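Structural description and commentary
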Amino acid sequence: MGITEKIEAIQLEMSRTQEYHLGLLKAKLAKYRAELLEPAKKSGKPGEGFDVSKAGYGRVALIGFPSVGKSTLLSKLTGTESSVAAYEYTTLTAIPGVLEIDGAKLQLLDLPGIIEGASEGRGRGRQVVAVAKTADLVIIMLDVTKGDSQRRLLEIELEAVGIRLNKKKPDITFKRKTAGGVTVTTTVPMTKTDEKSIRGVLQAYKIHSADVMIREDVTIDDFVDVLIGTRKYVNCLYVYNKIDSISLEEVDRLAREPNTVVISCELDLNLDILLKRIWAGVGLNRVYTKKRGEKPDLGDPLIVKDDATILDVCHAIHRSLHNHFGYAFVWGKSSKFAPQPQKVGLTHRVSPTTATKWLQSEGAARYVAERIEIDGRYGQVDAWAAESVIAQARPGLKRLQVDFVRGLSQRAFTVPNLAELTHLTLHTKILCDPVPSVVPFQLTRLVLGGSYFPLAFIKALFTASAESLTDLAMTLQANHSLDLRSTINQAVGTLNQLTTLSDWCRSSQEFIDLVPYLPTTLKTINTCFPDRHRLLSLEKAFDVNRLPRLESFRFMYLSKDDVRSSADGARFRAALETRGVMVTCGFEKGYMREEHLISRTEALKPYY
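A quick note: this is a predicted structure, and the numbers were derived from the prediction, not measured. (Residues numbered from 1 in each chain as written. Predicted model: local features only at pLDDT ≥ 70, side-chain atom pairs only at ≥ 80, totals over all residues. Heavy atoms only, no water.)

Here's the deal with the nonpolar core
Short version of the rule: We define the nonpolar core as a collection of buried residues of types Ala, Val, Leu, Ile, Met, Phe, Trp, Tyr and Cys that are connected through side-chain atoms lying within 4.5 Å of one another. We call a residue buried when its accessible area falls under 20% of the maximum for its residue type, exposed when it is over 50%, and partly exposed in between, using a 1.4 Å probe and counting protein chains only. Here a residue-residue contact requires only that any non-hydrogen atoms of the pair lie within 4.5 Å.
By size, the foremost hydrophobic cluster in this structure holds 61 residues, and its most contacted members are Leu 424, Phe 462, Leu 472, Leu 538, Phe 542 and Phe 553. In this view, Leu 538 contacts Phe 511, Ile 512, Val 515, Phe 529, Phe 553, Phe 555 and Phe 572; residues no more than four positions away in its chain are not counted. Core analysis: the next-biggest nonpolar cluster, separate from the first, contains 57 residues, Val 161, Ile 163, Val 262 and Val 282 among them.

Here it is as structure tokens:
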């Protein structure tokens, strides 16, 4: 009887066996599967494998059934050419590419599509599995049009070969002895298995003397995994492709599932979010160093694992540095005396917002030559840290984005090194006094998405950029009074070069009030305008003759049926199209953005 027949016989027996005997059968099943994937070595020419050396700060493996978009995603993210066609099995070997995320280079592998039965050696299952076990992150590519069954099939295939997705290694200590019998010690109540089953598994592996310490409530499968010792625990990201082919409700449902990202390679939807999730899945952290008496080097971070210690930071600089190490000073959340530094040794763990003067990671700030992004959600960055980052920005900074930083002072935007700033995105909770009357920059693009901005600050921005601002996006409806909103509308009318306006208000009346002040230079208008019953009021207020350059008008919260079925909407649309203005709606293909496809806990994302 071959190994495959033995496996089938055990699976049949398991389906009709009582609980206490299952442990022994599962142990045998795991042993046979290991033999199937790693058969006894024979003399002769070795088979062809995937000889790809590991490179970069981590390896990411793309796994999935044929023709789900793996090669297309590789080409989009890395620029590496991989065979792409409308038929299956276009990729026959591992294609490596270099994925760069804010200065950190990761290796992205496009693996051949696997088929059902890969765990038993069908197709090129053995080679694909061997590469997947060396990856720091597994991306399971799924075709959203083919249902949920493909996800479960892939999980079963990977589970059968010893890859455990999104699981931690069980807290079990196993030690063989030469004599003395089997001793099983538990520190927690066992509800999923018992000592009799554990002894049965040990007997199946012919282990008669051993010490077993169990510190958590585990299943018999967890114990078998620890006993075998070849299991690989890997983070996994489920990526659903081709979301432009399904409804928004289905996209929203999939996006809310854990460890899931929805994308469209064809339309480049959500690829930026996928990069952020890859960074988090690989588990990397940026470390910025500082020489004594000098400012921190914010342009050349060290890349380490997110659970790294100061010893790992030393190794990232030079392997022999720890031999001459005395102590280090760290700032940030790693310091017990934050915002003051702490003197630490080699075993000190580096947290995501710690530094050897400034150490920040994905949640804190990303420094590029002409761009700074500060993400303060979940309380990772306070106002003091954000202001310090802006103050230490290099001259020549072009783009600045600040998200979810509470209590940020407006004086942070008056520093001279922002003189060349052209793009500003503020998605903050509150800006504190003192209010600057003058800002030192002239913007071409401005995004204001937050719960409160002082009117004087908004007027300062508009006044400074009246002759340069071409793209404006606003989400200011949350707690501005009608008088304040009217003043903001008048300020919008002073923007003499504005060509694109995106007003993400949830009140139709707010946009209607803005219409009389729209600059005559506008070419594109994007508005949420959620109430189709107010289209008559919009038609009366909107004079298309005032906007001779208008080319595009988009309703983001209305479908094309809402506009066409309503008599007021059809008349308004006809009036615009008569003047050559293209009218589109949020649900029409071609204008889908990540923030409109997925509902988030934040009320409304800004347009950027």
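That shown, we press on.
A look at the pattern of salt bridges
Condition: Should a side-chain nitrogen of Lys or Arg be within 4 Å of a carboxyl oxygen of Asp or Glu, the pair is scored as a salt bridge. Secondary structure elements are defined from DSSP: runs of H or I of at least 4 residues count as helices, runs of E of at least 2 residues count as strands, and each element is numbered from the N terminus.
Tallied over the full model, the rule gives 20 salt bridges. Two residues, Asp 148 and Arg 253, come together in a salt bridge whose shortest N-O distance is 3.9 Å. Within this pair, whereas Asp 148 is found in the loop between strand E4 (137-143) and helix H5 (149-160), its partner Arg 253 is found in helix H8 (residues 248-255), the two being separated by 105 residues in sequence. Among the residues examined, Asp 148 registers a relative accessible area of 43% and is labelled partly exposed. By relative accessible area, which is 36% here, Arg 253 ends up partly exposed. When the shortest N-O distance is used, the salt bridge between Glu 257 and Arg 253 registers 3.2 Å. Linked through salt bridges whose partners overlap, the residues forming this network are Asp 148, Arg 151, Arg 152, Glu 155, Glu 250, Arg 253 and Glu 257.

Observations regarding helix H12 (residues 455-464)
Here H12 lies mainly inside the structure; seven of its ten residues are buried. Those residues of H12 that sit buried are Leu 455, Phe 457, Ile 458, Ala 460, Leu 461, Phe 462 and Ala 464.

A closer look at the sheet that holds strand E8 (residues 210-214)
Operational definition: By definition, two strands form a pair when at least two bridges between them are found by DSSP. Here an angle of 0 to 180 degrees is reported between the N-to-C directions of two axes, which are lines fitted to C-alpha atoms, with helices fitted over the stretch in contact.
Strand order in this open sheet of three strands is E6-E8-E7, and the pairing throughout is mixed. Edge strands, defined here as strands with exactly one partner in the open sheet, are strand E6 (172-176) and strand E7 (182-186). When the angles between neighbouring strand axes are averaged without regard to direction, this sheet yields 10°. Examined bridge by bridge, E6 and E8 share five bridges and lie antiparallel to one another. For Ile 172, the partnering residue across the bridge sits in E8 and is Ile 214.

Let's talk about the environment of Ser 67
Among the secondary structure elements, Ser 67 is positioned in the loop between strand E1 (59-63) and helix H3 (70-78). Classification of Ser 67 by relative accessible area gives partly exposed; the value is 28%. For Ser 67 and Asp 143, which are 76 residues apart along the polypeptide, the C-alpha to C-alpha distance reads 8.3 Å.

Structural notes on helix H6 (residues 195-204)
Within the span of H6, buried status applies to Ser 197, Ile 198, Gly 200, Val 201, Leu 202 and Ala 204. A positive backbone phi angle near 60° is found at Lys 206, which sits one or two residues after H6.

Topic: the packing of aromatic side chains
Applied cut-off: Ring pairs are drawn from Phe, Tyr and Trp, using the six-membered ring of Trp, whenever the two centres fall within 6.5 Å, and their geometry is named by plane angle: stacked under 30 degrees, edge-to-face over 60, tilted for the rest. In this analysis the charged atom, NZ for Lys or CZ for Arg, is taken to sit over a ring once it is within 6 Å of the ring centre and within 35 degrees of the ring normal.
Tallied over the entire structure, the rule returns three aromatic pairs. Taken together, a centroid distance of 5.6 Å and an interplanar angle of 85° make the contact between Tyr 327 and Phe 329 edge-to-face. With a relative accessible area of 35%, Phe 329 lands in the partly exposed category. Ring plane angle 45° and centroid distance 5.6 Å describe the contact between Phe 413 and Phe 457, whose orientation is recorded as tilted. On the criterion of sequence distance, the pair formed by Phe 413 in the loop between strand E19 (408-409) and strand E20 (423-427) and Phe 457 in helix H12 is long-range, its members being 44 residues apart. Each member of the pair Phe 413 and Phe 457 is classed as buried. Between the NZ or CZ atom of Arg 151 and the centre of the ring of Tyr 238, over which it lies, the distance is 3.6 Å. One Lys or Arg, Lys 343, reaches over the ring of Tyr 327 and ends 4.1 Å from the middle of that ring.

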